[in-house]
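A closer look at the structure
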Amino acid sequence: MAAPDGELSNEAALVLGCVQGDSQALGRLREKCHSDLLHILLARGATRTEAEDLLADLWCDCVPGGDDRPSLLEKFNGKCKLLGWLSTVMTRRLIDFRRRQSHKVTPPDSDDGQEWPERVAAPSQVEGEDALIEILRRSLQQAFDHCPFESLLLLRLRYMYKLSQRELAQMVGWHETKVSRLLSQTMQEIETATLAGINQHDPWLSMTWDDFLDLCSSLETEFL
Amino acid sequence: MSDPFEILASFLDHTDREVEGRGLETPPPAEVLELLRQLARGKLAAAQKKEVFDQLRHNRHWIAILADEVKALRALPGEKT
């Protein structure tokens, strides 16, 4: 989601200070974002302990530790609001944390002579890094797959190619109100099916439609 | 702020592994191009529309051509948008 220019330049200055190790900037950043991020994590399904632990790690990672450990904020490209970017980072970490927890297993009593660590396949690095993208992509793709192609085509022509509803109506030979109704109805179906998909695959992950859009928008800036 | 559908479609387009080979996109054959032009003008019967939609479903990059055909009509006298 785009932020106003003034806000971005203030955030850019704050981030620059943090990246350079300015303790006052780091303190201001924490003061500015900690409470919002805590609420976001709790709203997305973290326990209070998980949220506080993840935030403690986050603030540590924002402090530069020399060439071999630059500040996490060096990855912020300034194309979205800082809070939106941080909340995406935290959601990613929350998902990774929960995935790691689900991979943890208790070593069994065994006398086959095999060392325990050799038995357990670690989750792949790619799987961990892309977990958030994969959750969003899978649920959204499933929702799109359930929509008639004609509806998706009209949505794409309307919003990606900026054709008017009148032009669409003329093209398919419908009344404009029918086109308008179909566009709204299809968007509603996409929203409902997407959130249901997330709930089905990751029932602990709580997300509103605005959260979903914010995450997609924030991740989109990483592709630019 | 972008429209919600624009956010969603852009996100899917960028994360869709199936469309990574975009360099291999081929232009539509002449008969399909003609059907796209007719569709843009609202002159296709239901059966032909279905045929074009099937073509577009399997060749998503042709949707841009359809959009361009509709936009080209804006410049023609007597066409209102």
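Not measured: the values here are computed from a predicted model.

1. What about the nonpolar core?
- With 57 residues, the main nonpolar core has L136(A), L157(A), I190(A), F212(A), F5(B), L8(B) and L56(B) as its most contacted residues.
- When residues in this core are grouped by element, the largest group, eight residues, is from helix 6 (residues 131–145) of chain A.
- Setting aside residues no more than four positions away along its own chain, F5(B) makes contact with F144(A), L152(A), L155(A), R156(A), Y159(A), M160(A), M187(A) and I190(A).
- Counting 27 residues, the second-largest nonpolar core is a separate cluster that includes V15(A), L37(A), L58(A) and L94(A).

2. Brief notes about the domain arrangement of chain A
Residues and elements named next belong to chain A.
- Partitioning chain A into domains gives domain 1 (5–102) and domain 2 (132–223).
- Centre-to-centre separation of domain 1 and domain 2, based on C-alpha positions: 29 Å.
- Taken together, the 15 residues of domain 1 in the interface contact 13 residues of domain 2.
- Counting the surface lost from both domain 1 and domain 2, the interface buries some 1300 Å², and carbon and sulfur atoms represent 56% of this.
- Sorting the residues of domain 1 by area buried against domain 2 places R44, R92 and I95 first, and these three jointly supply 43% of that buried surface.
- D211 is paired through a salt bridge with R44; the nearest N and O atoms lie 3.4 Å apart.
- Summed over the shared surface of domain 1 and domain 2, the number is five residue pairs in polar contact (both at pLDDT 80 or more).
- Element by element, the count of residues in the side of domain 1 that touches domain 2 is highest for helix 4 (residues 82–103), at nine residues.
- Taken together, the residues of the side of domain 1 that touches domain 2 sort by class into five nonpolar, five polar and five charged.

3. Side note on the interface of chain A and chain B
- Contact with chain A, which involves 36 residues of that partner, is made by 32 residues of chain B.
- Taken over both partners, the interface formed by chain A and chain B buries close to 3400 Å², and the fraction arising from carbon and sulfur atoms is 73%.
- Along the contact surface separating chain A from chain B lie three salt bridges.
- Ionic pairing is found between D13(B) and R156(A), a salt bridge with its closest N-O pair at 3.2 Å.
- Where chain A touches chain B, the interface holds six residue pairs in polar contact (both at pLDDT 80 or more).
- When contributions to the side of chain A that touches chain B are tallied by element, the ones reaching two or more residues are helix 6, helix 7 (149–159), helix 8 (165–172), helix 9 (176–201) and helix 10 (209–223) of chain A.
- A class-by-class count of the residues in the side of chain A that touches chain B yields 24 nonpolar, four polar and eight charged.

4. Some remarks on the pattern of salt bridges
Residues and elements named next belong to chain A.
- Overall, the coordinates contain 17 salt bridges over all chains when judged by the stated rule.
- In this structure, the salt-bridge partner of R48 is E52, at a minimum N-O distance of 3.5 Å. Of this pair, R48 and E52 are both found in helix 3 (residues 48–62), four residues apart, which corresponds to roughly one turn of the helix.
- Judged by relative accessible area, which is 46%, R48 ranks as partly exposed.

5. A look at the confidence of the model for chain A
All names here are of chain A.
- Looking at chain A as a whole, the pLDDT averages 86, with 83% of positions reaching at least 70.
- Element-level pLDDT for chain A is lowest in helix 5 (residues 125–129), with a mean of 44, against a maximum mean of 97 in helix 7.
- Note that residues 118–129 has pLDDT below 50 and, in this model, eight contacts with residues that lie over four places away or in other chains.

6. Here's the deal with the environment of N77(A)
All names here are of chain A.
- Looking at the element boundaries, N77 is found in the loop between helix 3 and helix 4.
- When the C-alpha positions of N77 and E176 are compared, they lie 41 Å apart, and in sequence the two are 99 residues distant.
- The residues touching N77, leaving out its near neighbours within four places in the chain, are T221 and E222.

7. Remarks on the packing of aromatic side chains
- Counted by the stated rule, this structure contains four aromatic pairs over all chains.
- Here the aromatic rings of Y159(A) and F5(B) are separated by 6.4 Å at their centres, their planes lie at 45°, and the arrangement is tilted. On the criterion of chain membership, the pair formed by Y159(A) in helix 7 and F5(B) in helix 1 (residues 4–15) is interchain, its members lying in two chains. For the pair Y159(A) and F5(B), a shared accessibility class is recorded, and that class is buried.
- Centroid distance W209(A) to F212(A): 5.4 Å. Interplanar angle 5°. Geometry classified as stacked. Separated by three residues within a single helix, W209(A) and F212(A) lie in helix 10, roughly one turn from each other. As far as the burial class goes, W209(A) and F212(A) line up, both buried.
- Through a chain of ring-to-ring contacts, three or more aromatic side chains come together here, namely F144(A), Y159(A) and F5(B).
- The residue whose ring lies beneath K178(A) is W174(A), and the NZ or CZ to ring-centre distance is 4.3 Å.

Conventions and cut-offs
- Residues numbered from 1 in each chain as written.
- Chains lettered and ligands numbered in written order.
- Predicted model: local features only at pLDDT ≥ 70, side-chain atom pairs only at ≥ 80, totals over all residues.
- Heavy atoms only, no water.
- Core = buried A, V, L, I, M, F, W, Y, C linked by side-chain atoms within 4.5 Å.
- Buried < 20%, exposed > 50% of the residue type's maximum accessible area, 1.4 Å probe, protein only.
- Helix = DSSP H or I, 4+ residues; strand = E, 2+ residues; numbered from the N terminus.
- Contact = heavy atoms within 4.5 Å.
- Domains from an automatic or database assignment.
- Buried area = accessible area lost by both parts, 1.4 Å probe.
- Salt bridge = Lys/Arg side-chain N within 4 Å of Asp/Glu carboxyl O.
- Polar contact = N/O pair within 3.5 Å; in protein donor to acceptor, adjacent residues only side chain to side chain.
- Nonpolar A, V, L, I, M, F, W, Y, C, P; charged D, E, K, R; others polar.
- pLDDT = per-residue confidence, 0-100.
- Phe/Tyr/Trp six-rings, centres within 6.5 Å; stacked < 30°, edge-to-face > 60°.
- Lys NZ or Arg CZ within 6 Å of the ring centre and 35° of its normal.

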